[in-house]
Amino acid sequence: MVNIKINGKELKVEAGKLILDAARDEGHDIPTFCYQADLMGIGSCRMCLIEIEGQKKLQPSCITPVMDGMSILTDSPTVVSARSSMLEFLLTDHALDCPVCDKGGECELQDMVYKHGPHTGRHAEPKHRHHGKDYVLSPVIIKNSNRCVQCTKCVRVCSEIVGVGVLGSIGRGIHQEETSFFKTYLDCDHCGNCIEVCPVGCFMRLPYRYTSRSWDLKSADSICTYCATGCRVVIEERDGLLVRSRAQLGVGLNSETLCARGRFGYDIVNSDDRLTTPMVKKYGKLEPATWEEAFGAIRKGFRSSSPARTGGLISPRMTNEEIYLFSKLFKGPLQSNNVDSSMRWSPEAVEGFAAATSMTAGGVSIFDCMDSQSVFVVGTQLSDENPVVDYIVRRISNANGVQVAIASSRGMKLDSCASQTLRHAPATEGDLLGAAALLLADKDAVRFAGNADFNSIKATGIDTLAARSGVSRSEIEALVSSFGSSETVGIIAGTEFLRFPEGSASLALVVEALRGAGKKVTVIPVLDRCNQRGAWEMGAHPGLGTAYSREGVKGLGFAGMMNTASEGKLDSIYIVGENPVVEYGDGNFARDAIGKVGFVVVQDTFMTETAALADVILPGVTFAEKDGTYTNQEGRVQSINRLLPPPGDAKRDLEIISTIYNIFSGTDDVPVKKSAGIFAEIREKVSTYAKVDLSFNNEKNTFNDLDNKESLVGGSSASLSMPQVTGSAASSLASDGHAGFTLVTGNHLYHSGRLSLRSEILGGFIKGAIVEISEEDADRLGITSGEKVTVAGSRYKAELVLKTRKGSASGVAFIAENYNDVPVHKFFRRGESVASVKIARS
Amino acid sequence: MSEKCKAKLINFVKKSVFADFIRGLYITFSYNFEGAMTLKYPDSEKWIPYRRFRGLHTLNKNSEGKELCVACELCSRACPTDCITVIPEENDAGRGIADRVAKVWEVDLTRCMFCGYCEDACPTTAVRLGREYELACTTLERGTRSRDELLLPQPVPEALTGGVVAKARFIRSADGIKVVAELGKVRQRKL
Amino acid sequence: MLTEKTLEKIKQIQKNYHSKKSAVMGALMAVQRDSGNNLTREDMDAVAKILDVNPVEIHAVAGFYTMYNWKKPVGRHHIQVCWNLSCSLLGAEHLISHMEKTLGITLGETTPDSMFTLTTAECLGSCGTAPMMQIGDDYYEDLTVEKVDKILADLRARS
């Protein structure tokens, strides 16, 4: 602590704190352009100059730390005139085309000049112009360098936070321009963070270009509904069209950053293909109907089916309230436990994953996880599936020197800031972690003596496990020793454990062994659907009730329902927001099975392949049209707010589900229109949500704390069991016969499931399906990136474009699960996510 | 004769020849020989107002024929009655002075109170209140004027100072009635 | 494309540094020297591959320093006349206009035989011997019109 004086007031502040932060904490307004807390300080814009008594020259407060005895003046006449002069200088070469500029009205330069600046300029010289017309840098970025104030925030955010580094400051002085290599079209993540940090209208959104002015927009606080990171966004509409989705500095765990999906995937809401009217099958044909007819058909359809032969599937993109009411509808009035929310994964895998990642113990903040001395990322393609978590890991690990170890079969962007990367064979997370657990538990063997999972891996032996995973024993030892040298360990575990459930037991063993060694372990599960965790906690699981409590009879998971249906033993099914015909492991099987179900109700926003098979279609709404809460992967409960009315005759999903609930319960117990009432019920009935506080959602100031721990779900006393895995991925690969490459799947960086394919902007980023292999493999095959190849498995064959990926393990091929033209699941056996394929130039 | 007597005599003579009466009637009769104060509007004459008049909005072009409007929407922001709608679009073909032009520029005359704030707000002097004042219409749709119509050259050219009366023709059309001025034949209005 | 010779030079330069990309300035200079006093976009791309950095970083370095010629191709002899205060007071502008006349080009241009390119530079740190200019790597100081003529004639004769 040091003693300083700010504007005459004596203060005690932490040593090493920046003057700017100290002054701002005291409520003094110091304007800045180039300063952003997350980014490297460069002190280039000179807006934050302050006077230190005894020093002749003004000092930039954003890079000057406090020193004992300093007396700082933030508003002295010299400082005020210096600010004004700096702005006058910035304006000498600023284009001043505010009426045309998309930033006009929300521009930091405008605000600053209005507040601090000279209102007349003295420079009559012609302005320097970098270029004439605005130029397009990427499908989403349009650039006008004439407006640049050279704060280089775009360059820094691109390299320091996003980790792509495709922007640079070219030239010097007045000629300095922040742009790409020779102004070429960018091949980057298209995340648009450069647009967000730009204080002026230099980087602009191309899709938003000239659609509106900032004051025309109506906005609502919302959450990005693609992956489960839970980024806070503000969605904005004009004349009933959603035109922008943006993040705010200092609000939400993402602060100002978003990925391409979050920033540009909003336009699904505006799609012309939205369902706007209920449809009922009449004489074998779906025809528009009234809501009364639709509800009448549902009443009849479900009444005639027996409870055990009724099933429900709800999308993990629905809100907590909707999912809660949906499971309550099934487990209550419909008396069926056949409810599922994760059709891609088996209920057992979900249970194992929830147990291994300690989800029962309550929410864990990602920032607490990153406070650890070493962080281990495993079973997830973090940079592609949860880009904002990737940003957070990169930012904090670079700033605090956290040791990051990454285990994955494919290369990823985050590798560049990892101290150790382990490239294992696909689907062998379990083997890798098993070997690590054995090494860790070496000294603590007594503790695990009775553990069946431990005994089975012990019987296999470290060397066999290491050999199976394709990682050398010494690498695993290095990983274990990096854990050994840190007091606190963070583990970020992802969806591979759900695809290959055999890994969960090993993960649990590793966590337990580390805890046994007295280390503080924080585990963050990372998921790829925005409310997947919420869905499980709301009891949309055949074996578990709310907050992972065990319930009486175990119902059927989605796979079970499909098996029953294919035998003609399922009378009715209610599918909300999911499209199993294309997204379930075996689409054709699902199509046939759903075809055999007596009565199918589909509630969705689009006319999907599944909806085409329905007897009743109920048009629901997207996130922009409803209220509710989502629980993200950390267990953070955040709310979304409605901005638009439902399109056409569509109704809000909660209204539909509660109307159906009221039909079958025979009461009017459930309020039809308010989500707040349902959330109050959730708080009362679901123990882990009792203390969740949503109030921060309404606060919107610049200094809003990123880490709202009061909104994390609490822990429950439920105990979960590890899945008994029958056939492992390795054995199914072996039965395929090795054909050269092992095909795996996951989400593409620009897509999340099939929903994002409806977005025209996101669709513009990639043309056609892509298969990714490592650079070395491509060289070996003599194929270059961009060529057409044929990928042939024993079940399916497809032609796609080859792309190389730096750092992937040899022999691993990847096709994202998001392409309509190449449904990757056709390569796999039903319920599995790995296959052996051959790749050749076509 | 005293002064008092003289005055009495003159007064008597004035009264006997009705002098005041004639003087009064002189003013009245003199108007018979002057031109009429009233305009024969709408039958054959029309008042051409001064440039400062605030009538129907006009959208202007520069000397090269490019639209001055950059669709900045400041007019619609400044409008106290919220009667102007602007929707911008991008046009690289050189329609306007910038690549941002108005896709829609509409004014709802039934709400407009002709305050001229839009004119003040306009950074490019694209919007001005013109000298067209015959805005009565028979359908509500005609109460809204859009860009294409407002971009047409004004009936009264900018060069004409105004404040004159022009010969005019009275025309009935589907839109309503119109009085078309013949700007060649103008006269100063007597005051 | 970079020649074997250049690649070898870059390898040698890299040996002076702990990290690969620290060699960026030396590498660019080596490439520029070996490819006729000019840097092209392809050169920068190639250097980026060798140093394993994003091409834009190379471009940013090349863009910051005036000694890298990438904006416009320059001739064999790149004449940079200092026109900062001391040199200007002692007649730099006069020298520039003289050279423009004798070379038949204006500032920023290259002679048709690609022998000379005439540009100006800010202070080159040789004010004590003003007016001065830099041609290639060499300083020519205490200049007069006669001296300049002789220097240009010598350069022409040498090549």
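The shown structure was predicted, so the numbers you read here are calculated from the model rather than taken from an experiment.

**Student:** Would you mind showing me how to read the overall build of chain C here?
**Tutor:** Within chain C, the regular secondary structure consists of seven helices and four strands. Ordered by position in the sequence, the α and β elements of chain C form the string α-α-α-α-β-α-α-β-β-β-α. With the C-alpha coordinates aligned to their principal axes, the bounding extent of chain C is approximately 50 × 30 × 25 Å. Each of the 159 residues in chain C was classed as buried or not, and the buried ones make up 45%. In chain C, 59% of the contacts between residues at least 6 apart in sequence involve partners at least 24 apart. Accessible area of chain C: about 8,700 Å², with a carbon and sulfur share of 55%. A distance of 5 Å separates the average location of the 17 positive side-chain charges in chain C from that of its 20 negative side-chain charges.

**Student:** Which parts of the structure should I look at to understand the sheet that holds strand 4 (residues 59-60) of chain A?
**Tutor:** In a beta sheet, neighbouring strands are held together by backbone hydrogen bonds and run either parallel or antiparallel to one another. Residue and element names in this part refer to chain A. Ordered in space as 2-1-5-3-4, the five strands form an open sheet in which the pairing is mixed. Unpaired on one side and paired on the other, strand 2 (9-13) and strand 4 mark the two borders of the sheet. Packed onto the sheet, helix 2 (residues 77-92) meets strand 3 (49-52) and strand 5 (71-73) and runs at close to 160° relative to strand 3.

**Student:** Explain the interface of chain A and chain C here, please?
**Tutor:** Accessible area lost when the parts come together is the quantity often used to give the size of an interface. Across the contact, 15 residues belong to chain A and 14 residues belong to chain C. Buried area between chain A and chain C, both sides added, is near 1,200 Å², and the carbon and sulfur share of it is 66%. Sorting the residues of chain A by area buried against chain C places A:Arg172, A:Phe181 and A:Phe182 first, and these three jointly supply 52% of that buried surface. Summed over the shared surface of chain A and chain C, the number is one salt bridge.

**Student:** Looking at this structure, I do not really get the pairing of strand 6 (residues 135-138) of chain A. What am I missing?
**Tutor:** The side chains of a regular strand alternate, residue by residue, between the two faces of the sheet. Residue and element names in this part refer to chain A. As paired elements, strand 6 and strand 7 (residues 141-143) share three bridges and run antiparallel to each other. Along strand 7, the bridge assignment pairs Tyr 135 with Lys 143. From the end of strand 6 to the start of strand 7, which pair antiparallel, there are two residues.

**Student:** I'm lost on the interface of chain A and chain B in this one. Help?
**Tutor:** Tallying the contact residues gives 14 residues for chain A and 15 residues for chain B. Taken together, both faces of the contact between chain A and chain B bury some 1,200 Å²; the carbon and sulfur share is 54%. The largest share of the area that chain A buries against chain B comes from A:Pro99, A:Tyr210 and A:Trp215, three residues that together contribute 48% of it. Where chain A meets chain B, there are four salt bridges. Between B:Asp99 and A:Arg209 there is a salt bridge, with the nearest N and O atoms lying 3.0 Å from each other. Our enumeration of links across chain A and chain B arrives at eight residue pairs in polar contact (both at pLDDT 80 or more).

**Student:** Is there a simple way to think about the pattern of salt bridges in this case?
**Tutor:** Residues and elements named next belong to chain A. Under the definition given, this model contains 72 salt bridges over all chains. In this structure, Glu 583 engages Arg 529 in a salt bridge whose closest nitrogen and oxygen atoms are separated by 3.2 Å. Taken together, the residues span a long stretch of sequence, with Glu 583 in helix 21 (residues 580-583) and Arg 529 in the loop between strand 22 (520-525) and helix 19 (532-537) at a distance of 54 residues. Three or more residues are tied together by salt bridges with common partners; here these are Arg 344, Glu 496, Arg 499, Asp 528, Arg 529, Glu 583 and Glu 817.

**Student:** Explanation requested: the pairing of strand 1 (residues 77-82) of chain C in the structure shown.
**Tutor:** Residues and elements named next belong to chain C. With six of six residues buried, strand 1 is to be regarded as a mostly interior element. Two elements, strand 1 and strand 2 (residues 116-121), share six bridges in a ladder whose sense is parallel. Counterpart to Ile 79 in the pairing with strand 2 is Leu 118.

**Student:** Mind showing me how you'd approach the packing of helix 9 (residues 347-356) of chain A against helix 18 (residues 502-516) of chain A here?
**Tutor:** Angle between the axes and distance between the axes: these two values describe a pair of packed helices. All names here are of chain A. Remark: helix 9 packs on helix 18, axes separated minimally by 8 Å, with the N-to-C direction vectors making an angle of 10°. Taken together, helix 9 and helix 18 sit at an angle that is classed as roughly parallel. Counted together, Gly 352, Phe 353 and Ala 356 of helix 9 and Ser 504, Leu 507, Ala 508 and Val 511 of helix 18 form the full contact between these two elements. Counted by class, the contact of helix 9 with helix 18 contains five nonpolar, two polar and no charged residues.

**Student:** Whenever I open this one, the sheet that holds strand 28 (residues 741-744) of chain A confuses me. Can you help?
**Tutor:** Residue and element names in this part refer to chain A. Spatially, the six strands close up into a barrel ordered 28-32-29-31-30-33, and their pairing is mixed. Taken pair by pair, the neighbouring strands of this sheet meet at an average axis angle of 45°, ignoring direction. With five bridges joining them, strand 30 (residues 788-792) and strand 31 (residues 797-805) adopt antiparallel strand pairing. Across the sheet, the residue bridging to Ala 792 is Lys 797, located in strand 31.

**Student:** What's the story with the packing of helix 13 (residues 429-440) of chain A against helix 15 (residues 462-469) of chain A in this structure? I'm lost.
**Tutor:** All names here are of chain A. Two numbers describe how helix 13 lies on helix 15: the axes approach to 8 Å, and their chain directions differ by 150°. Relative to helix 15, helix 13 is oriented roughly antiparallel. When you trace helix 13 past helix 15, the crossing you get is left-handed. Residues Asp 431, Leu 432, Gly 434, Ala 435, Leu 438 and Leu 439 of helix 13 lie in contact with helix 15, whose contacting residues are Ile 462, Leu 465, Ala 466, Arg 468 and Ser 469. When its residues are assigned to classes, the contact of helix 13 with helix 15 shows seven nonpolar, two polar and two charged.

Calculation rules
- Residues numbered from 1 in each chain as written.
- Chains lettered and ligands numbered in written order.
- Predicted model: local features only at pLDDT ≥ 70, side-chain atom pairs only at ≥ 80, totals over all residues.
- Heavy atoms only, no water.
- Helix = DSSP H or I, 4+ residues; strand = E, 2+ residues; numbered from the N terminus.
- Buried < 20%, exposed > 50% of the residue type's maximum accessible area, 1.4 Å probe, protein only.
- Contact = heavy atoms within 4.5 Å.
- Areas by Shrake-Rupley, 256 points an atom, 1.4 Å probe, with all protein chains shown as cover.
- Lys, Arg positive; Asp, Glu negative; His and termini not counted.
- Charge placed at Lys NZ, Arg CZ, Asp CG, Glu CD.
- Pairing = 2+ DSSP bridges.
- Axes fitted to C-alpha atoms, helices over the stretch in contact; angles between N-to-C directions.
- Buried area = accessible area lost by both parts, 1.4 Å probe.
- Salt bridge = Lys/Arg side-chain N within 4 Å of Asp/Glu carboxyl O.
- Polar contact = N/O pair within 3.5 Å; in protein donor to acceptor, adjacent residues only side chain to side chain.
- Parallel < 35°, antiparallel > 145°, perpendicular 65-115°, else oblique.
- Nonpolar A, V, L, I, M, F, W, Y, C, P; charged D, E, K, R; others polar.
- Left-handed = near helix turned anticlockwise from the far one by under 90°.

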